[in-house]
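Working through the structure, step by step
Here is what each chain is made of, one letter per residue.
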There are 2 protein chains.
Amino acid sequence: MQALEERILRDGRNLGNGILKVDNFINHQVDPALMDMCGREFARRFAHVGATRILTAEISGIAPALMTGMHMNLPVVYARKSKPVTMPDTVYLTVAPSHTKGRMVELIVSPEYLARGERVLIIDDFLASGSTILGLVRLAQAAGSELVGIGALIEKDFEGGRTALTHLNIPVESLACIISMDNGQIIFKD
Amino acid sequence: MQALEERILRDGRNLGNGILKVDNFINHQVDPALMDMCGREFARRFAHVGATRILTAEISGIAPALMTGMHMNLPVVYARKSKPVTMPDTVYLTVAPSHTKGRMVELIVSPEYLARGERVLIIDDFLASGSTILGLVRLAQAAGSELVGIGALIEKDFEGGRTALTHLNIPVESLACIISMDNGQIIFKD
């Protein structure tokens, strides 16, 4: 998506070691108009998959998932990283390695909001190694939900996440696909 | 706001001890259409304050703040509770007691996105004791920003947060104001 790629080139920072700083418009400061455009684009790309619920992970997945949910008229569930007192005693929990935190994090969903028969569309900010998204996939599978699609704002193609998702045999869409961050550059596919 | 009050009565749960479970539509599962309505209402109520930036706290403030930002055409900044690797070495940090977590949490904002001369509107999910919002107030003050308004989806009037904010002498708006949760009930003001 051209508007997102242009924003990455303008305001994103390649910090080296594959780390892309996008906290000007995605994950500390958020540009609502850009997120709205991204949500509309995800809604267009996934219009045919028959999703009944959107699943994401707190924290930075919330903005794109919420806007996608608005344009698809679907509820959004965000996996929590710690269990609040308002959650039932028995939950779905998985662990996934966090690239930015350098440790394992928990992803927790209440069975109240992810159930057998749901058709789940996963939306997140990044598709890098795929480890967070695979955590969300395991939660959906544990709940007996069916996965119908995966969308990420930004894909780091060189970290292999798409390959790690191939076995799911569902559409995987990213709005900006980066094929190289070598030598301080940010190079998009095509 | 009638739609929010009706939703609280329908899907909220009074868990006792002043704890209101709203994770069906605000803070685990999110209803994007309802959040959009709430954002539009905040935009209407704060249309006159001349805000240049919206400030909230991760995690559950993000949805209402994002929708308010969309309707006011303003950037949204969410204070982080841990410092990611992409944040500069020197930041604004304060600590605030968390009612639901039973401990102090950090609230962190990068000086890149909160600066002298900004006119800051704070939006959060709850106004209870006011401790999280007062933490955001301290961050804005540390940055030299001017506070121009405070909005919360749900106010728990009996926890005294509004009184704790009086000294700021700025408009404080809530979209659903609960005056009592005694005996398992949820009673709104008026």
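Up top is the structure.
Overview of the structure. Residue numbering note: each chain is counted from 1, following its sequence as written. Lettering for chains starts from A, numbering for ligands starts from 1, and both go in the order in which the items are written. Per-residue local features of the predicted model are confined to residues with pLDDT of at least 70, and side-chain atom pairs are confined, for both listing and counting, to 80 or more; whole-chain, interface and lining totals are unaffected and use all residues. Side-chain calculation: all heavy atoms of the structure are included, whereas hydrogens and water are not.

Brief notes about the packing of aromatic side chains
Any two rings among Phe, Tyr and Trp, with Trp reduced to its six-membered ring, count as a pair given centres within 6.5 Å; such a pair is stacked if its planes are under 30 degrees apart, edge-to-face if over 60, and tilted if neither. Applying the stated criterion across every chain yields a total of two aromatic pairs over all chains. Positioned above the aromatic ring of F126 of chain A is the side chain of K156 of chain A, whose terminal nitrogen or guanidinium carbon lies 5.5 Å from the ring centre. Definition used: whenever NZ (Lys) or CZ (Arg) falls within 6 Å of the ring centre and also within 35 degrees of the ring normal, the charge is taken to sit over that ring.

Quick notes on the interface of chain B and chain A
In this complex, chain B contributes 42 residues to the contact, which on the side of chain A involves 42 residues. Salt-bridge contacts for K21 of chain B lead to E112 of chain A; the nearest nitrogen and oxygen are separated by 3.0 Å. Polar contact is defined as a pair of N or O atoms within 3.5 Å, subject to the rule that within protein one atom must be able to donate a hydrogen and the other to accept it, and that residues adjacent in sequence are counted only when both atoms are side-chain atoms. Between chain B and chain A we count 20 residue pairs in polar contact (both at pLDDT 80 or more) in total. Think of it this way: any DSSP run of H or I at least four residues long counts as a helix, any run of E at least two long counts as a strand, and we number them from the N terminus. Of all the secondary structure elements, the ones that give two or more residues to the side of chain B that touches chain A are β2 (20-21), β3 (29-30), α2 (32-45), α3 (62-72), β5 (76-79) and β7 (103-109) of chain B. By definition in these notes, contact holds between two residues if any of their heavy atoms fall within 4.5 Å. In the sections that follow, a salt bridge refers to a side-chain nitrogen of Lys or Arg positioned within 4 Å of a carboxyl oxygen of Asp or Glu.

Topic: the sheet that holds strand β10 (residues 172-180) of chain A
In this description, strands pair whenever DSSP reports at least two bridges between them. Sheet architecture is open: seven strands sit in the order β11(A)-β10(A)-β9(A)-β8(A)-β4(A)-β5(A)-β3(B), paired in mixed fashion. Unpaired on one side and paired on the other, β11 (187-188) of chain A together with β3 of chain B mark the two borders of the sheet. As paired strands, strand β5 (residues 76-79) of chain A and β3 of chain B are joined by two bridges and run antiparallel to one another. Residue pairing for β3 of chain B: V76 of chain A is matched across the bridge by V30 of chain B.

Here we look at the relation of the copies chain B and chain A
For the pair chain B and chain A, the relating rotation is 180 degrees, the translation along its axis is 0.0 Å, and the fit reaches an RMSD of 0.0 Å. With respect to symmetry, the two chain copies, as superposed, fit the operation of a two-fold axis. Residues of chain B ranked by C-alpha distance from the rotation axis are headed by I59 of chain B, positioned 3.1 Å from it. Looking at chain B, 100% of its interface residues are interface residues in chain A too, so the copies touch through the same face. What sets the superposition is a least-squares fit of C-alpha atoms, and only residues with pLDDT of at least 70 in both copies go into it.

Here's the deal with the packing of helix α1 (residues 2-11) of chain A against helix α2 (residues 32-45) of chain A
Residues and elements named next belong to chain A. Comment: axis = line fitted to C-alpha atoms, over the contacting stretch for helices; angle = value between 0 and 180 degrees taken between N-to-C directions. Remark: α1 packs on α2, axes separated minimally by 10 Å, with the N-to-C direction vectors making an angle of 140 degrees. Taken together, the axes of α1 and α2 are oblique relative to one another. Pair α1 / α2 crosses with left-handed handedness. Along its contact with α1, which presents A3, L4 and R7, the element α2 presents L34, M37 and C38. Ten residues, namely Ala, Val, Leu, Ile, Met, Phe, Trp, Tyr, Cys and Pro, are considered nonpolar, four, namely Asp, Glu, Lys and Arg, are considered charged, and the remaining ones, Gly among them, are considered polar. Tallied by class, residues from the contact of α1 with α2 come to five nonpolar, no polar and one charged. Every angle not falling under 35 degrees, over 145, or within 65 to 115 is termed oblique; those three ranges are roughly parallel, roughly antiparallel and roughly perpendicular. Working rule for handedness: look at the near helix, and if it is turned counterclockwise from the far one by less than a right angle, call the crossing left-handed; if clockwise, right-handed.

Overview of the sheet that holds strand β4 (residues 53-57) of chain B
Spatially, β3(A)-β5(B)-β4(B)-β8(B)-β9(B)-β10(B)-β11(B) is the arrangement adopted by the seven strands of the open sheet, whose pairing is mixed. Here the strands that pair on one side only, and so sit at the sheet edges, are β3 (29-30) of chain A together with β11 (187-188) of chain B. Bridging between strand β10 (residues 172-180) of chain B and β11 of chain B involves two bridges; their strand directions are antiparallel. Among the inter-strand pairings, S180 of chain B is bridged to a residue of β11 of chain B, identified as I187 of chain B.

Describing the pattern of salt bridges
Within this structure, the stated rule accounts for 28 salt bridges over all chains. A salt bridge links D11 of chain B to R7 of chain B; its shortest N-O distance comes to 2.6 Å. Of this pair, D11 of chain B and R7 of chain B both sit in helix α1 (residues 2-11), separated by four residues, roughly a single helical turn. The class for D11 of chain B is buried, based on a relative accessible area of 18%. When the shortest N-O distance is used, the salt bridge between R45 of chain B and E173 of chain B registers 2.8 Å. Taken together, the positions of R45 of chain B in helix α2 and E173 of chain B in strand β10 put the pair 128 residues apart, joining distant regions of the chain. Shared partners join several salt bridges into a network, and the residues in it are R7, R10, D11 and D31 of chain A. For every residue, the accessible area obtained with a 1.4 Å probe (protein chains only) is divided by the maximum for its type, and the residue is called buried under 20%, exposed over 50%, and partly exposed between those limits.

Digging into the pairing of strand β9 (residues 146-156) of chain A
Residues in a regular strand project their side chains so that they alternate between the two faces of the sheet. All names here are of chain A. Extensive coverage of β9 is indicated by the burial of 10 of its 11 residues. When the strands point away from the viewer and the path from the first strand over the helix to the second turns clockwise, the crossover is right-handed. Following the backbone out of strand β8 (residues 119-127), through helix α4 (residues 131-142) and into the adjacent parallel β9, one traces a crossover that is right-handed. In the sheet, β9 pairs with β10 via six bridges, with the strands oriented parallel. Within the sheet, the bridge partner assigned to I154 lies in β10 and is A176.

Quick notes on the nonpolar core
Ranked by size, the top nonpolar core spans 80 residues in total, and within it L4 and I154 of chain A together with L4 and I154 of chain B carry the most contacts. What L4 of chain B contacts, discounting residues up to four positions off in sequence, is F25, L34, C38, L153, I154, L175 and A176 of chain B. What makes a nonpolar core is a set of buried Ala, Val, Leu, Ile, Met, Phe, Trp, Tyr and Cys residues whose side-chain atoms join them at distances within 4.5 Å.

Side note on the packing of α2 of chain B against α3 of chain B
All names here are of chain B. α3 packs onto α2 with a crossing angle of 55 degrees between their chain directions and a minimal axis gap of 7 Å. In terms of their interaxial angle, α2 and α3 are classed as oblique. Here α2 and α3 pass one another in a crossing that is right-handed. Residues P32, M35, D36, G39, R40, F42 and A43 of α2 lie in contact with α3, whose contacting residues are A63, P64, M67, T68, M70, H71 and M72.

A look at the side chain of H28 of chain B
Residue placement: H28 of chain B occurs in the loop between β2 and β3. Accessibility expressed as a relative area gives 1% for H28 of chain B, which makes it buried. Reaching out from H28 of chain B, the side chain makes a polar contact with the backbone nitrogen of S110 of chain A at a distance of 3.0 Å. With residues near it in sequence (within four places) discarded, H28 of chain B still touches V76, V77, Y78, A79, R80, M87, I108, V109, S110 and Y113 of chain A together with D23 of chain B.

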